[in-house]
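As a plain string of letters, each chain reads:
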Amino acid sequence: MRLSRVRIGSLRQFRDPIEIDGLHEGINLFVGPNGAGKSTIVRAIRAAFFERYSSSSVTDLQPREESGAGPTVEVDFTSGGHRYQLRKRFLSRKRCSLDIDGRLLENAEAEGCLADLLGFQYAGKGASKAEHWGVPGLLWIQQGGGQEIHEAVLHAADHLRKALDESLGEVASTGGDELFERVQAEREKLLTRTGQPTGELREAAGLLSAAQEKLAGLAAQLATYREQVDRFAVLNAQVLAESREQPWRRLDAEARQAQEQLAGIEKAREALATDHALLTQSGAQTRLLEQQQAWFAEQAARLDQRRQAAAGAGAQLADAEQALLPRRQMLDAAQQAQDHAQAALVAAERRAGRRRLLERIAELLQHHARLQGAIAQGREIAARLNRHRQEIAVRWIGTEQLQALRTRDREIQAAGIRLESIATGLSYRLEPGRSIDRDGESLEGSGESQLVRRTVLNIPQIGTVTIEPGGGHDLAQVAGRKASLESTQANLLQSLGLDSIAAAEQRLQECRALEQAAQVEQALLDQLAPKGLEALAAELAAFAGELAAVRSRLAQSQSQSQSSAEEPAEGLAEECADGPAAGSPGERAAARLPGLEEARQLQADASLRLRQAQAAEQAARAACATAKSATQHAEGELAQLEAAVQAEDYQRRVAQNQAELQATRLRYGSLAAKVETVQRSIDAARPQVMLQDAERLARSATQALQAHEQRRNELRDLQWQLDAAGAMGLEEQLAQASADLERIQRRHRELDRRARALDLLAGMLKAKRQALTLRLQAPLLKHLNHYLQVLMPGASVTIDESLKPVALSLGAGAAADRHGFRDSADAAGCFEELSFGTREQISLISRLAYADLLKEANRPTLIILDDCLVNTDTARMSQMKRILYDAATRHQILLFSCHPDRWQDLGTPARQVQSFLKAKLPAEAA
């Protein structure tokens, strides 16, 4: 049988007609992605042959949401030298026609001819099912069903038997089968097909089982009676002993004692939680005080920096003025500056070491006193906070104002340097007792000055000398600008209540220090009283009442073995030491000793300045003036900062911070030690174990009492049961049951021997018949082994009477290919034990063998494979392609796949399913 053309219209996704023509002998490969319509084409071909044209159960063929559509299928094919044209339309305007070499058959007649030709049958009602598909159902594999073959073989068995020349029918008509059926009938009177008892044998077995159960029941009753007598004696002794000892009372007393111990531990835990809160508060206060102490240390470091800056400026000034002095003098000056710096460091370390300690807080655990101290401390902190804010308001200076002062000061210094560089220098050295007059000012001894305007010198007994400074207009302009800047600077300083820019810098630092102190005080106040001092006072009053209530409760529970919490002591004591002595306001640090390279550079600079003194006199004077201005500025800043740091208020705050920090650290350590001690005592008491003991003892007491009551009830019930059993005569009933059982056993043995004899005879006849059947299955096994040796060399397959493959055996040649079995160590296995992929492969070659058998019997064959061998590995896939190519020399094969790359070497071109959709065909005429 060979299909040549298929036309499909209004069927599922093919709303427009498509036509597949040019189908040739051998393999026709159709490929396309999922959803392209491959399975729809297969469904259309199956519907054309299997479904009655008049069926109303094929609505799945209609396109979605087109309930009025009439699916149509046309198939042209040849078979046995005849040309067939099949036309079917379903659901709407139903009809069927079959043209055979020009002879037209229609409707039921046409369908009957198709069924006889291909070997299948139509469903009497409803849609066609697997049991109706016959030979096509065996050769046409649906998607996902390639591994299932047994049912398909059963449904095609009649047609396969006809292909074997009806040999099985001839065997059935022999006299041997008549004997087999008679033996089988006698056997079935006593045994089922599976060997289970039935009929008289099952009835005898039932009587035997009932008699055995009755005998066992009576024996069990008698044994129970005797056990109950023994149990009664044991229970009676236990109940009497428990009534005397009453163990539940002792367990209940122990449980109450454990509960009392747990209550004590719970009170200790409450006290521990309070101590934990105090410990957290103390830790936070310590951190705040440490931050304030760090700020004080930063001020001390800033003082050292300013001392170093002043010393450096002085050294530079000395270098500029004494550039020609011997290197020894420069070294002595540097050494003196270093000694001064070392002295300052020693003084700072001595001050850092003079810390006054806070008195240790005695009896810290007295909560009442702690709250009073907290309120007092909070009020003091609030007072300090108000003072800080008032001082900030009085002493406030803005950053913009300070920046303006700095800018103008730099301009004044630049103007002064410029003025000195262009002014005329006046140096004089007079004899002792002599003097001269300079613009009304008497000059004596020696000295020097800068003349920036016209100056008259009156020399007694000699006359007057008028000096006009050089520079002309520039000198006057620079002098005027400097005077203007100094006047503006003085007015701004006077408006701020300051006398110098260094005082402004110090005022800004003091404001920042006051702001930081205010923040620290506010943080301390918030930490001490988060809800305010009034809340602390309310808490003090509430705690006083709670303390009285606790003391009252403690007085009432004097009989308890442990106290609930340790009573804190009252009172707070402090011991203070003197603060560090303030350093001398006039103390100055020595100049920083320069390094070797720096000293060499300074000496080289000095030599250069000496050699170039006359040529660079003006530049030397400018450098000297700059150094002198920088020195004065640095010493002024240093004096201001030293005055502030050494002030009595600043030292008082440092000492107060140290004292508070020491006291807070002592409180923290004491609280931490107490918390650890209490926690260890709680852990040592093992409250969880104690709680479990209390629960265990309480349950044990309850269970002991319940068990006692249960035993009493059981004793009463046993008494009643023993009284009832004594009147039943169990031993007499047991003797009668034993006699009945012996009689029933004899009858059962007779029937069982007969059943086993008939079963043996039927097995021997069946084996003889199977040996004859094997000879008749040889043609099918020949075709099966033809394909199997390509797939698994050396393997063999076993088929049963219904021609189904039931087992696969691997020979020595297939030993390396045992991965098809679920247990690869087995050399053989039944069909259902094979892996999914191997079952699919064996099923396909079996179908090809059936097709070869039908072909030899001159029956039409067509093989349709929809997405088969999807679970086949690469090695097996190559062998299966060889098998398909060989089968295609005898049969037409329609192969549909969504994996075109797996079939590239099949030896046939692949046709894309989408190409059928591109060709628009005219719709079928109504």
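Residues numbered from 1 in each chain as written. Predicted model: local features only at pLDDT ≥ 70, side-chain atom pairs only at ≥ 80, totals over all residues. Heavy atoms only, no water.

Here the focus is the overall build of the chain. The helix and strand tally for the chain stands at 24 helices and 20 strands. For the chain, with 926 residues in total, the buried portion stands at 39%. In the chain, the share of contacts with a sequence separation of at least 24, taken over all contacts with a separation of at least 6, comes to 72%. Carbon and sulfur atoms make up 50% of the accessible area of the chain, which amounts to about 50500 Å² in all. (Helix = DSSP H or I, 4+ residues; strand = E, 2+ residues; numbered from the N terminus. Buried < 20%, exposed > 50% of the residue type's maximum accessible area, 1.4 Å probe, protein only. Contact = heavy atoms within 4.5 Å. Areas by Shrake-Rupley, 256 points an atom, 1.4 Å probe, with all protein chains shown as cover.)

Charged atoms that come close allow side chains of opposite charge to pair. Per the counting criterion, the structure on display carries 35 salt bridges. Ionic pairing is found between R187 and D759, a salt bridge with its closest N-O pair at 2.6 Å. Placement of the pair is R187 in helix α7 (residues 175–190) and D759 in helix α20 (residues 730–776), with a sequence separation of 572 residues. The class for R187 is buried, based on a relative accessible area of 6%. Judged by its relative accessible area of 32%, D759 falls in the partly exposed class. Among the ionic pairs, E709 bridges to R712, the shortest N-O distance being 3.8 Å. Within this pair, E709 and its partner R712 are both found in helix α19 (residues 687–725), separated by 3 residues, close to a single helical turn. The class for E709 is partly exposed, based on a relative accessible area of 33%. (Salt bridge = Lys/Arg side-chain N within 4 Å of Asp/Glu carboxyl O.)

Attention now goes to the side chain of S897. Note that S897 resides in strand β19 (residues 893–897). A relative accessible area of 4% means that S897 is categorised as buried. Among the polar contacts made by the side chain of S897, one reaches the side chain of W903 at a distance of 3.1 Å. S897 has contacts with F30, V31, G32, K38, D867 and W903, leaving out every residue within four places of it along the chain. (Polar contact = N/O pair within 3.5 Å; in protein donor to acceptor, adjacent residues only side chain to side chain.)

Turning our attention to the sheet that holds strand β4 (residues 72–79). Pairing is antiparallel in the open sheet, where 6 strands are placed in the order β2-β1-β4-β5-β6-β7. Lying at the two open borders of the sheet, with one neighbouring strand each, are β2 (18–21) and β7 (103–106). Going from strand to strand, the sheet's axes swing by 10° on average, the running direction of each strand aside. Here β4 pairs with strand β5 (residues 82–89) via 8 bridges, running antiparallel. Looking at β5, one finds that F77 is bridged to Y84. With respect to the sheet, helix α2 (residues 107–118) is in contact with β4, β5, β6 (95–100) and β7, its orientation differing from that of β6 by roughly 55°. (Pairing = 2+ DSSP bridges. Axes fitted to C-alpha atoms, helices over the stretch in contact; angles between N-to-C directions.)

Attention shifts here to the environment of I459. Looking at the element boundaries, I459 is found in strand β13 (residues 455–459). Residue classification places I459 among the partly exposed residues on the basis of a relative accessible area of 23%. Distance in space between the C-alpha atoms of I459 and R438 is 9.0 Å, their sequence separation being 21 residues. When sequence neighbours within four positions are dropped, the list of residues in contact with I459 reads I436 and V465.

In low-pLDDT segments, the atomic positions of the prediction should not be examined closely. Here the chain shows a mean pLDDT of 77. Residues at 70 or above account for 79%. Confidence over residues 337–365 falls short of pLDDT 50; this stretch has 64 contacts with residues more than four positions distant or in other chains. Note on residues 558–591: pLDDT under 50 across the span, and 77 contacts to partners over four residues away in sequence or across chains. (pLDDT = per-residue confidence, 0-100.)

A few words now on the pairing of strand β18 (residues 863–866). Burial along β18 is two-sided: the face carrying I863 and L865 and the face carrying I864 and D866 are both buried. Relative to β19, β18 is paired through 4 bridges, and the arrangement is parallel. Across the sheet, the residue bridging to D866 is F896, located in β19. With respect to chirality, the unit in which β18 leads through helix α23 (residues 874–887) into the neighbouring parallel β19 is right-handed. (Right-handed = clockwise from strand over helix to strand, strands pointing away.)

All right, on to the environment of L215 then. Locating L215 in the fold gives a position in helix α8 (residues 199–245). Beyond its immediate chain neighbours, meaning those up to four positions away, L215 contacts L734, A737, S738 and L741.

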